[in-house]
Amino acid sequence: VSKIVLMALLWETMRLHANLSFANRELRRERANRLTSAEAVVASISHEIKQPLTNINLLAFAGQRLLDQELPDVSAAKKHFGEIEEDAFRVNQIFDGFLKFFRGGKQDWQAVDVNALALEATRLLGRDLDDHGVTTSTQLASGLPLVLGHAGQLREVILNLIQNSIDAMAATTNRPRVISIATSRLGAGAIFISLQDTGPGIEPGQLARMFDPFVTTKAKGTGLGLAICKMIIEQHGGELSAASNKNGGARFEITLPTRAGRSAGAASPCTEGERLQAIR
């Protein structure tokens, strides 16, 4: 009897030890996941605010030099300081957008003009476009319906896609570096946005993982830009996809439900023919 009792106690001790080890492993895994999530949030914010902060630094330096001249160019300096104010406001919008994005809420959604966002994005990245010898071509449909969403978040999506195209075309020397942006209606309750570049395109093996978190082909990339872009578009009820053109270059396509389409329910799905017509 004593041997049986001893064996039962040993078995119970081993079982409790195994359960305790499993619980400790789960706690360590949960802690690691939380740290990874925190790292992802920090990396995401860093990725988004790097460009406007760099712009603020350059504009402040240029403005100071204009004022330090023997004959200060006050008018040009005021223009630079006005641009600094715009970039500072944009940084504030980025933080506000991230807060709402990670909370998953739809607060402060408003009617958004996608054409205006596209033009604003090209203006904000004007210096980067010029520095890299990139020209932009826009074909924006007139009378495009408004979409319902967070203007700051949608603008950051377009900015990210344009910046990716700029980076992708950095090594392009055998043809002009061009980014083409087009908008059009798609079906009864959606709009279509296309961004194409003349870079090297996307490798077939990379297409399937383009929007996966922490997947990047850049030496100093975080691998979060495209993943966040896709999450933002999907949170707005739309879709974001990527493709490689036959004649070279990458193409990103966005579909978003219009304000009217959203109020009537889900936007009616478009056919492949409608999508191709929108691209053309």
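That block above? That's the structure.
Okay, so let's go over this structure. (Residues numbered from 1 in each chain as written. Predicted model: local features only at pLDDT ≥ 70, side-chain atom pairs only at ≥ 80, totals over all residues. Heavy atoms only, no water.)

**So, the sheet that holds strand S7 (residues 250-257)**
An order of S2-S4-S5-S7-S6 is seen for the 5 strands of this open sheet, with the pairing classed as mixed. Strands with a single pairing partner mark the edges of an open sheet, and in this sheet they are strand S2 (134-140) and strand S6 (239-244). Along the sheet, successive strands turn relative to each other by an average axial angle of 15°, direction set aside. Where strand S4 (residues 177-186) lies against strand S5 (residues 190-197), 8 bridges are found, and the strand directions are antiparallel. (Pairing = 2+ DSSP bridges. Helix = DSSP H or I, 4+ residues; strand = E, 2+ residues; numbered from the N terminus. Axes fitted to C-alpha atoms, helices over the stretch in contact; angles between N-to-C directions.)

**What about the nonpolar core?**
Ranked by internal contacts, the top residues of the largest apolar core, which has 38 residues, are Leu154, Leu161, Ile162, Ile179, Ile254 and Leu256. Listed by contribution, the elements that provide at least two residues to this core are helix H3 (114-124), helix H5 (151-168), S4, S5, helix H7 (225-235) and S7. Take this core: its biggest share by element is 8 residues, from H5. Not counting the four nearest positions on each side in its chain, Leu154 is found in contact with Val112, Leu117, Val147, Ile232, Ile233, His236 and Leu256. (Core = buried A, V, L, I, M, F, W, Y, C linked by side-chain atoms within 4.5 Å. Buried < 20%, exposed > 50% of the residue type's maximum accessible area, 1.4 Å probe, protein only. Contact = heavy atoms within 4.5 Å.)

**Overview of H5**
With 18 residues, H5 extends 26 Å between its outermost C-alpha atoms, agreeing within 8% with the 26 Å of an ideal straight helix rising 1.5 Å per residue. With 16 of 18 residues buried, H5 lies mostly within the body of the structure. (Expected span 1.5 Å × (residues − 1).)

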